[in-house]
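Structural overview
Residues per chain, in single letters:
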Amino acid sequence: MTPHFGQSLTVQAPVVVTDPQAAALLLNPRAVRALGPFMGRALPAQAAAREAELPISTLQYRVRQFLACGLLRLAGVQPRSGRAMPLYEAPPALFVPFDSTPLISDTLLSEAGFEAWQRRLTRSIGAAWVEAAAPRRLGLHLIGSADGLVSRNVEPEPDPAQPNSFFEYLLGDQAPAVWDSWGALYLTPAQAKALQRELADLMGRYRSEQTEGARAHLVRVAVAPLMPDEGEQP
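What comes next is a walk through the structure. Everything quoted here is computed from the prediction, not taken from an experiment.

Reading the values: rules and limits
- Residues numbered from 1 in each chain as written.
- Predicted model: local features only at pLDDT ≥ 70, side-chain atom pairs only at ≥ 80, totals over all residues.
- Heavy atoms only, no water.
- Salt bridge = Lys/Arg side-chain N within 4 Å of Asp/Glu carboxyl O.
- Helix = DSSP H or I, 4+ residues; strand = E, 2+ residues; numbered from the N terminus.
- Buried < 20%, exposed > 50% of the residue type's maximum accessible area, 1.4 Å probe, protein only.
- 1 Å grid on protein atoms, 1.4 Å probe; cavity = no way out; pocket = protein on both sides within 12 Å on 5 of 7 lines; lining within 4 Å.
- Points joined across faces, edges and corners; volume = space filled by probe spheres on them.
- Nonpolar A, V, L, I, M, F, W, Y, C, P; charged D, E, K, R; others polar.
- Axes fitted to C-alpha atoms, helices over the stretch in contact; angles between N-to-C directions.
- Parallel < 35°, antiparallel > 145°, perpendicular 65-115°, else oblique.
- Left-handed = near helix turned anticlockwise from the far one by under 90°.
- Contact = heavy atoms within 4.5 Å.
- Core = buried A, V, L, I, M, F, W, Y, C linked by side-chain atoms within 4.5 Å.
- Phe/Tyr/Trp six-rings, centres within 6.5 Å; stacked < 30°, edge-to-face > 60°.

One pass over the full model with this rule turns up three salt bridges. For Arg73, the salt bridge identified is with Glu89, shortest N-O distance 2.9 Å. In this pair, Arg73 is assigned in strand β2 (residues 73-78) and Glu89 in strand β3 (residues 85-89), connecting sequence segments 16 residues apart. Arg137 is the salt-bridge partner of Glu157, the closest N and O atoms lying 2.8 Å from each other. With Glu157 in the loop between β6 (150-156) and α6 (165-170) and Arg137 in the loop between α5 (106-133) and β5 (138-144), this pair connects stretches of sequence that are 20 residues apart. On the basis of relative accessibility, which here comes to 48%, the residue Glu157 falls in the partly exposed class.

In structure tokens, the structure reads:
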């Protein structure tokens, strides 16, 4: 299952989901994975299970859940020798108002929307980082500054003679294409908007390039006005 970043996949008016049970299912990435093949088309459970790469028992369990809360409907049957297979269909687009869910804060919204992808991103970066660092040992490198701030990098044990050698190596052709960088930039409103639009254009450009033999890479591009940590003064 490939994520889409800021990309609208349909212009059709969505079905608004206000039933709490249905809303809870749609906040569950595993449930959404099972629902995806049915959205906008009628399929038997076996075909949906293959597309979602799920065991048929798991898919059938989800089908029962979806039927019970109205996310799925019986759309007909597919004739075959022996018993005909039921076809199920879900709306092609859905909208879940957060006032129909337990999500009452921006923190919970972020966790529900991105937690599963964040776990996959963290795991994927970690695996590539270890591959790039080998055979050196990996660790957390903390560097203090004159103004009392601390920068933190996950990298191999640094070589004082070549302090940036690992990150230079990462940009070379022989290293895996992995990067993870966090930091605060001080920008004017105009600069922040320019950066936002450049990031959106960059993602759009690479998304449109469909190259044979390409391998899926998980990418997260984000920029936002920096909010203070909980308990920290703005």
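The next subject is empty space enclosed by the protein. Taken as a whole, this structure holds one cavity of 30 Å³ or more when the rule is applied. Its volume calculated, the largest cavity comes out at about 50 Å³. Considering the residues around the largest cavity, the lining is formed by Arg136, Glu155, Pro156, Glu157, Pro158, Asp159, Gln162, Pro163, Asn164, Ser165 and Phe166. Those elements that provide at least two residues to the lining of the largest cavity are β6 and α6. In the lining of the largest cavity, the residues fall into four nonpolar, three polar and four charged.

Their axes nearest at 9 Å, the elements helix α3 (residues 45-52) and helix α4 (residues 56-68) cross at an angle of 115 degrees. Judged by the inter-axis angle, α3 sits roughly perpendicular to α4. Judged by the twist between their axes, the crossing of α3 over α4 is right-handed. On the side of α3, the interface is formed by Ala45, Gln46, Ala48 and Ala49, while α4 contributes Ile56, Leu59 and Gln60. Across the contact of α3 with α4, the residue classes tally to five nonpolar, two polar and no charged.

For the rest of this paragraph, the subject is the nonpolar core. With 25 residues, the main nonpolar core has Phe38, Leu59, Phe66, Leu71 and Leu72 as its most contacted residues. Those elements that provide at least two residues to this core are α1 (20-26), α2 (29-35), α3 and α4. Every residue in contact with Leu59, bar those within four places of it in the chain, is listed here: Ala34, Phe38, Ala45, Ala48, Ala49 and Leu54. Core analysis: the next-biggest nonpolar cluster, separate from the first, contains 11 residues, Ala128, Ala132, Ala133 and Phe167 among them.

All right, on to the packing of aromatic side chains then. With the rule as written, the count across this model stands at five aromatic pairs. Pairing Phe38 with Tyr88 gives two aromatic rings, centres 6.3 Å apart and planes at 90 degrees, and the pair type is edge-to-face. Of this pair, Phe38 sits in the loop between α2 and α3 while Tyr88 sits in strand β3, and the two are 50 residues apart along the sequence. Here Phe38 matches Tyr88 in class, with each residue buried. Aromatic side chains Trp129 and Phe166 sit 5.7 Å apart centroid to centroid with 80 degrees between the ring planes, which places their arrangement in the edge-to-face category. A residue pair is termed long-range when its members are at least 10 positions apart, and Trp129 in helix α5 and Phe166 in helix α6 qualify at 37 residues. The two residues Trp129 and Phe166 agree in class, both being buried. One aromatic cluster is present, built from ring pairs that chain together Trp129, Phe166, Phe167 and Trp179.

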